[in-house]
Amino acid sequence: MTPTSTLTVPQGLASVFSGRMSRKSRARDNDGTMADGEGYRNPTEVQMSQLVLPCHTNQRGELSIGQLLKWIDTTACLSAERHAGCPCVTASMDDIYFEHTISVGQVVNIKAKVNRAFNSSMEVGIQVTSEDLCSEKQWNVCKALATFVAHREITKVKLKQITPRTEEEKTEHSVAAERRRMRLVYADTIKDLLANCAIQDDLESRDCSSMVPAEKTRVESVELVLPPHANHQGNTFGGQIMAWMENVATIAASRLCRAHPTLKAIEMFHFRGPSQVGDRLVLKAIVNNAFKHSMEVGVCVEAYRQEAETHPRHINSAFMTFVVLDEDDQPQLLPWIRPQPGDGERRYREASARKKIRLDRKYIVSCKQTEVPLSVPWDPSNQVYLSYNNVSSLKMLVAKDNWVLSSEISQVRLYTLEDDKFLSFHLEMMVHVDAAQAFQLLSDLSQRPGWDKHYRSVELVQQVDEDDAIYHVISPALGDDTKPQDFVILASRRKPCDNGDPYVIALRSVTLPTHRETPEYRRGETLCSGFCLWREGDQLTKVSYYNQATPGYINYVTTNVAGLSSEFYTTFKACEQFLLDNWNDLAPSLQTL
């Protein structure tokens, strides 16, 4: 159970674990059905296909992003209402990155399904592709995540839970709770970044004579909400509001670049309140900052009912990133922007902070598991996304169906998983300790040397917050290597979001400038490891440990297969004894769990 590094799995290893029973096949034998099988369709799934006509396009003959947002919102809302059984309203739309434009005459295919339901809100996953009917080519356009809230006039809504069946559904269901947590702390992340980190804006060093005043890009437009813009409850469609916002943002961007800009990304839409038929919506847009090849446009929407109203309602804000493409679809250089003193300079610096967060999020969160570097530099600006990646990576590993039972000794089970370039191990046992007590004991890595011989010493480097801590771990040398290993590990812990969810303790490597690699140790790295703890009853917990393979462990597996199960068993039984010996000491502190 040592921290590990990743490596391509040797071909000979496949035969070691072949012929064993997998959990996936056992599940099929038990219920007589295959969730992944042909004919299965998620009951919340809704599909929409639209032929792009000239009335849907912009001046370049491409589908207007505003029109696409309306179709996306409609499809997602129908999916949410199919699950909720009552009207739903758009609460937010996560970041959207547009990968491909859609031309007139092509077909847009939109698929939406509910990933997870909470008390009264749902996360809906949306996938958009385009299709050329003549050539039969297809392209990925974008993916999106939307949050919808179920609404009834008389009774309070309590949504039924989603039961995921396929591996993909289990993964999305599990990670949805972590994404929800990240949405809730987003505003604080921006504030912390501005307060604690140096943002490179080089505002004072730029040549003011070649700058465009931000005020020249300001746009204000009013829209009257009519019945065609609203749903059956009289509330304005969220997609319609998003389309109006995209329109004024495009005008603001055009005033800076004096060309036709292309929308590449939309930062989270957040609806602060509803608007109804008869409302006047005032949409305001301005270029907040222009970078080398892109610009950020901020848009806000205010609603008022009567002309005499003195306090309009702020119902939405969003930030959109535009580029200007040349004939070869390459981004062109943009002029600098000169912000107004006061609020303009604040928006300018916040735009720089959001750009850094977008890059961190795309680098850490959006890329595939096999593309994430092992040790990502940690700093306060990316701690939220590193924590998210840490926990979600472990949850995705847990959700995989093709774990194979390799051995079982005294009710301790060892599973293996060969997937992509990774070999992973999973140990599982039942312990007569409450899950909250086990969570408290195992999440403190400083106690691990007491039961795990692969942890020689552990130093707490930094307590980041209540849920995240960074440790420096020293492990004994493996095999013929004379140097001990050291690791810098981010430990992220999560309590259950709903009944049936596990307690999670996720571990991954990070780099710190204060703990660089030294000649004394051989630096080890781990991409994904940790514990999941399920409450199975009163004073009964299923303890599961997951780990991806290290080069040292790969060699150990191929040369010492007979002793592998025995060593894992010995370490895991020591973990069980540690929990049994120490759970009683935690009674006062468990009140917070």
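For the structure itself, look to the data block above.
In this text, all values refer to a predicted model and were calculated from it rather than measured experimentally.

**Observations concerning the side chain of serine 424**
For step 1, the next point in the chain: Its place among the elements puts serine 424 in strand 18 (residues 422-431).
For step 2, the next point in the chain: Owing to a relative accessible area of 2%, serine 424 belongs among the buried residues under this scheme.
For step 3, the next point in the chain: Sequence-distant contacts of serine 424, defined by excluding residues within four places in its chain, comprise Leu397, Trp403, Tyr415, Thr416, Leu417, Asn547 and Gln548.

**Concerning a positive patch on the surface**
For step 1, the next point in the chain: Side chains of Lys216, Arg255, Arg258 and Arg338 sit close together on the surface and give a patch of like positive charge.
For step 2, the next point in the chain: As for its placement among the helices and strands, arginine 258 is situated in the loop between helix 5 (238-257) and strand 9 (262-266).

**Observations regarding the pairing of strand 2 (residues 88-93)**
The side chains of a regular strand alternate between both faces of the sheet.
For step 1, the next point in the chain: With respect to burial, strand 2 is a largely interior element, 5 of its 6 residues being buried.
For step 2, the next point in the chain: Relative to strand 6 (residues 138-150), strand 2 is paired through 5 bridges, and the arrangement is antiparallel. When the bridges of strand 6 are listed, valine 89 appears paired with valine 149.

**Focus: helix 3 (residues 167-184)**
For step 1, the next point in the chain: Taking 1.5 Å per residue, 18 residues should reach 26 Å; helix 3 reaches 27 Å between its end C-alpha atoms and fits that length.
For step 2, the next point in the chain: Maximum bend of helix 3: about 30°, positioned at alanine 176.
For step 3, the next point in the chain: For helix 3, the complete set of buried residues consists of Glu169, Thr171, His173, Ser174, Val175, Ala176, Ala177, Glu178, Arg179, Met182 and Arg183.

**What about the side chain of glutamate 45?**
For step 1, the next point in the chain: Mapping glutamate 45 onto the fold places it in the loop between helix 1 (23-31) and strand 1 (46-51).
For step 2, the next point in the chain: Overall, glutamate 45 belongs to the buried group, its relative accessible area being 10%.

**Concerning the pattern of salt bridges**
For step 1, the next point in the chain: Per the counting criterion, the structure on display carries 26 salt bridges.
For step 2, the next point in the chain: In this structure, the salt-bridge partner of glutamate 45 is arginine 41, at a minimum N-O distance of 3.3 Å.
For step 3, the next point in the chain: Where lysine 400 meets glutamate 167, a salt bridge forms, and the shortest distance between an N and an O atom there is 3.7 Å. In this pair, lysine 400 sits in the loop between helix 7 (383-399) and strand 16 (404-409) while glutamate 167 sits in helix 3, placing the two residues 233 residues apart along the sequence.
For step 4, the next point in the chain: Take lysine 400: its relative accessible area is 21%, and that puts it in the partly exposed class.
For step 5, the next point in the chain: One connected set of salt bridges, linked through shared partners, spans Asp94, Glu123, Glu172, Arg179 and Arg183.

**Examining a nonpolar patch on the surface**
For step 1, the next point in the chain: Taken together, the side chains of Leu51, Leu53 and Leu133 define a hydrophobic patch exposed on the protein surface, amounting to about 260 Å² of accessible area.
For step 2, the next point in the chain: Within the secondary structure layout, leucine 51 lies in strand 1.
For step 3, the next point in the chain: For leucine 51, a relative accessible area of 41% translates into the label partly exposed.

**Things to note about helix 8 (residues 435-442)**
For step 1, the next point in the chain: Buried residues dominate helix 8, accounting for 8 of its 8 residues.
For step 2, the next point in the chain: Within the span of helix 8, buried status applies to Ala435, Ala436, Gln437, Ala438, Phe439, Gln440, Leu441 and Leu442.
For step 3, the next point in the chain: Its side-chain oxygen placed 3.0 Å from the backbone nitrogen of alanine 436, aspartate 434 serves as the N-cap of helix 8.

Each value, and the rule that gives it
- Residues numbered from 1 in each chain as written.
- Predicted model: local features only at pLDDT ≥ 70, side-chain atom pairs only at ≥ 80, totals over all residues.
- Heavy atoms only, no water.
- Helix = DSSP H or I, 4+ residues; strand = E, 2+ residues; numbered from the N terminus.
- Buried < 20%, exposed > 50% of the residue type's maximum accessible area, 1.4 Å probe, protein only.
- Contact = heavy atoms within 4.5 Å.
- Patch = residues over 30% accessible without salt bridge, like charges linked within 9 Å, V, L, I, M, F, W, Y side chains within 5 Å.
- Areas by Shrake-Rupley, 256 points an atom, 1.4 Å probe, with all protein chains shown as cover.
- Salt bridge = Lys/Arg side-chain N within 4 Å of Asp/Glu carboxyl O.
- Lys, Arg positive; Asp, Glu negative; His and termini not counted.
- Charge placed at Lys NZ, Arg CZ, Asp CG, Glu CD.
- Pairing = 2+ DSSP bridges.
- Expected span 1.5 Å × (residues − 1).
- Bend = angle between axes of the 7 residues up to and from the residue.
- Polar contact = N/O pair within 3.5 Å; in protein donor to acceptor, adjacent residues only side chain to side chain.

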